[in-house]
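Examination of the molecular architecture
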Amino acid sequence: MIRNTQETAVIENAHGGIGSIEIHKKIMKEDHVEGLSLFAKVVVSPHSTIGYHQHTDDAEAYYILKGEGNFLDHNKERVPVKAGDICLIKKGQSHGLENLTDDVLEMIAVVY
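Computed from a prediction, not measured in an experiment: that's the story for all the values here.

What counts, and where the lines are drawn
- Position numbers for residues start from 1 in each chain and track the written sequence from start to end.
- At least 70 in pLDDT is required for a residue's local features to be given in this predicted model, at least 80 for side-chain atom pairs to be given and counted, and no such filter applies to totals for whole chains, interfaces and linings, which use all residues.
- Where side-chain values are given, they derive from all heavy atoms of the structure, hydrogens and water being excluded.
- Geometry of aromatic contacts follows a simple scheme: Phe, Tyr and Trp rings, the Trp one being its six-membered ring, pair when their centres are within 6.5 Å, and the pair is stacked under 30 degrees between planes, edge-to-face over 60, tilted otherwise.
- Here the term buried applies to any residue with accessible area under 20% of the maximum for its type, exposed to any over 50%, and partly exposed to those in between, with areas from a 1.4 Å probe on protein chains only.
- Put simply, DSSP marks the helices as runs of H or I at least four residues long and the strands as runs of E at least two long, and each gets a number from the N terminus on.
- Contacts between residues were defined by any pair of non-hydrogen atoms, one from each residue, lying within 4.5 Å.
- Here, a strand pair is defined by DSSP locating no fewer than two bridges between the strands.
- Angular values range over 0 to 180 degrees, each being the angle between N-to-C directions of two axes fitted as lines to C-alpha atoms, with helices fitted over their stretch in contact.

**Considerations on the packing of aromatic side chains**
Per the counting criterion, the structure on display carries one aromatic pair. Where Tyr62 meets Phe71, the ring centres are 6.3 Å apart and the plane angle is 85°; that geometry is what we call edge-to-face. Judged by relative accessible area, which is 8%, Phe71 ranks as buried.

**Some remarks on the side chain of Ser48**
Of note, Ser48 is situated in strand E4 (residues 48-54). Leaving out residues up to four positions away in the same chain, Ser48 has contacts with Ile18, Gly19, Ser20, Leu97, Glu98 and Asn99.

**Some remarks on the sheet that holds strand E7 (residues 78-82)**
Reading across the sheet, the four strands line up as E4-E9-E6-E7 and stay open at both edges, with antiparallel pairing between neighbours. One side of each edge strand has no neighbouring strand; the edge strands of this open sheet are E4 and E7. Recorded for the sheet is a direction-independent mean angle of 20° between the axes of neighbouring strands. Two elements, strand E6 (residues 68-72) and strand E9 (residues 94-99), share three bridges in a ladder whose sense is antiparallel. Within E9, the residue paired with Leu72 across the bridge is Gly96.

The structure is reproduced here in structure tokens:
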């Protein structure tokens, strides 16, 4: 399978956060790729956040492509992240992400 962006959306206040994110979905649950629910490029706008939320039925990984921010881990600790970092969220854990800079933060999000 080779495809360009399947679906693009702008989400305001994602998971109770502030500001907006763009999500460019490449692979979705409906594609029936075993073990994979979502593969997407996510752009977090300047001064925007993805609110702290729990993954009860799946796990997620963020791979930071560009920019910097704070990853809120399962203990609600803010951990600085930058391009090249990967953030892992295990099934049952909670997490969030903050971009408090004047630049966009771009990442790949994989939900499995």
